Amino acid sequence: MRSGSIIIASLFACVALTASAQVTLPYGEGAGKVGFINGNNYPGIEEPVPLGPKAFRLADDHIWVVDSTGGKLLKLGKENGLQSEFSLLASPPAPPSADLATNSPNLEVMIEDFAPVFNESGALTSFWFIDLMNNRLLNYATDGKKLGEFKHEKFVQPFRIEVGRSGHIFVADKGAQCIFVFDADQKLVNEANWEWSGMAVGADDKLYRMFYESENNRSYLVLQNLQGAIEKEIELDLPEHMNPELWWVDEAKEEIVLTYTPATGFEGKFVVARLGFDGKIKASGDLTPPIAMNRFIDHQGFDEVWLGAADYNKAPDGSFSVVPTKLP
């Protein structure tokens, strides 16, 4: 069972939170700042939720934050903050439309999510970005050089993206309710049903996804290869729940991390859980999400976990932060 509304979770403050350090970016325009859209800078705007950075990633021992509305990527050290940034916008920017309303932002891009790309040696080389504004994918090297872009006729509302070590690109599309799999040459090689329930990519670019059976209120983890063949299906021993979402899979530990809404409904809290490949819960805890990010949690090496922290309703007051935490 999936809610028909767009999930707007951002920071998940776990009971096990141990934020001994954090990286912080102020709101605004210009170097070292991240953009936002709300009633403070666009009075009368009809956006249902405020907007700001929608995703961050841990890669190459750095934190990378995408300025979704401002169209840039910021590289931060975990101890010393901002190190560099580069633009994802055309040069010069496109002129505003003549009929643009005064209370509407003139956005060239809207970056929904992004994913790191590693070479055969495991070195970070580039990122793929989802530009929801133009329904396309953008590829930029870590030094800001644009490497390419592409669209596909089946894209409706691309939402999440991952890239496997062999270069396959996995795009989870909310509107199409499908995960599209492209090879390194951007050729569509496979597609799988998707229920807005997250995804993860394992060894040999195999896809982990979830599906939900409403008849028995059970969720299942599925592993499939690049040809679409199902190699593993695990029934997850979760209590009654809604909106399960897979975040990552640690194949060495045979462990998955997911979140879900309790059967009582969303009352300001989600549940985060670690489960083994036997489907049993190893540990779980409550998470309290304010508004509003897409990819609000990420890891490096599975043991190092960071969370996004933001309140886009209050911007430009406050700041955007990424804080370390520990899972239950």
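Quantities reported herein were computed from a predicted structural model and do not represent experimental measurements.

Colleague: In this structure, what is going on with the pairing of strand 11 (residues 169–173)? I would like to understand it.
Modeller: By the criterion of burial, strand 11 is predominantly enclosed, with 5 of the 5 residues buried. Across the two faces of strand 11 the burial is the same, with Ile169, Val171 and Asp173 and Phe170 and Ala172 all buried. In the sheet, strand 10 (residues 158–163) pairs with strand 11 via 5 bridges, with the strands oriented antiparallel. When the sheet's bridge partners are listed, Ile161 is paired in strand 11 with Val171.

Colleague: Please explain the sheet that holds strand 23 (residues 304–309) as it appears in this structure.
Modeller: As a general point, the strands of a sheet are linked pairwise by backbone hydrogen bonds and lie either parallel or antiparallel. Ordered by their spatial adjacency, 4 strands build an open sheet running 1-24-23-22, and the pairing between neighbours is antiparallel. Strands at the two margins of the open sheet, each flanked by one partner only, are strand 1 (23–26) and strand 22 (297–300). Strand-to-strand, the axes of this sheet are offset by a mean angle of 20 degrees, without reference to chain direction.

Colleague: Explain the sheet that holds strand 4 (residues 72–77) here, please?
Modeller: Sheet architecture is open: 4 strands sit in the order 2-3-4-5, paired in antiparallel fashion. The open sheet has two free edges, formed respectively by strand 2 (55–59) and strand 5 (81–87), since each of these has just one partner strand. The average angle at which neighbouring strand axes cross in this sheet is 20 degrees, direction not considered.

Colleague: Would you mind going over the pattern of salt bridges with me for this structure?
Modeller: Pairs can form between side chains of opposite charge whenever their charged atoms are close. Applying the stated criterion across every chain yields a total of 20 salt bridges. Here Asp113 ties to Arg295 by a salt bridge, and the two come within 2.8 Å at their closest N and O atoms. Of this pair, Asp113 sits in strand 6 (residues 111–118) while Arg295 sits in the loop between strand 21 (281–287) and strand 22, and the two are 182 residues apart along the sequence. An identical accessibility class is assigned to Asp113 and Arg295; each is buried. With a closest N to O distance of 3.4 Å, Asp237 and Arg218 form a salt bridge. One end of the pair, Asp237, is in the loop between strand 17 (230–236) and strand 18 (241–250); the other, Arg218, is in strand 16 (residues 218–224), with 19 residues separating them in the sequence. Residue Asp237 is classed as partly exposed on the basis of its relative accessible area of 34%. One connected set of salt bridges, linked through shared partners, spans Arg57, Asp113, Glu162, Arg295 and Asp298.

Colleague: Is there a simple way to think about unusual backbone geometry in this case?
Modeller: Among all residues except glycine, the phi angle is most often negative; among peptide bonds, the trans geometry is most common. For the peptide bond that leads from Ala315 to Pro316, omega is 15 degrees, which places it in the cis range. Even without glycine at this site, Trp196 takes up a positive phi of about 60 degrees. Residue placement: Trp196 occurs in the loop between strand 13 (188–193) and strand 14 (200–201). Within the chain, Glu254 stands out as a residue other than glycine whose phi angle is a positive 50 degrees. Tracing the sequence through the fold places Glu254 in the loop between strand 18 and strand 19 (255–262). A residue is classified by how much of its surface remains accessible, and Glu254, at 45% relative accessible area, is partly exposed.

Colleague: Any chance you could explain the pairing of strand 17 here in plain terms?
Modeller: Here 6 bridges tie strand 16 to strand 17, and the two strands are oriented antiparallel to one another. Among the inter-strand pairings, Tyr220 is bridged to a residue of strand 17, identified as Glu235. The hairpin turn running from strand 16 into strand 17, its antiparallel successor, is 5 residues long, and Gly228 in that turn takes a positive phi close to 90 degrees.

Cut-offs applied
Residues numbered from 1 in each chain as written. Predicted model: local features only at pLDDT ≥ 70, side-chain atom pairs only at ≥ 80, totals over all residues. Heavy atoms only, no water. Buried < 20%, exposed > 50% of the residue type's maximum accessible area, 1.4 Å probe, protein only. Helix = DSSP H or I, 4+ residues; strand = E, 2+ residues; numbered from the N terminus. Pairing = 2+ DSSP bridges. Axes fitted to C-alpha atoms, helices over the stretch in contact; angles between N-to-C directions. Salt bridge = Lys/Arg side-chain N within 4 Å of Asp/Glu carboxyl O.

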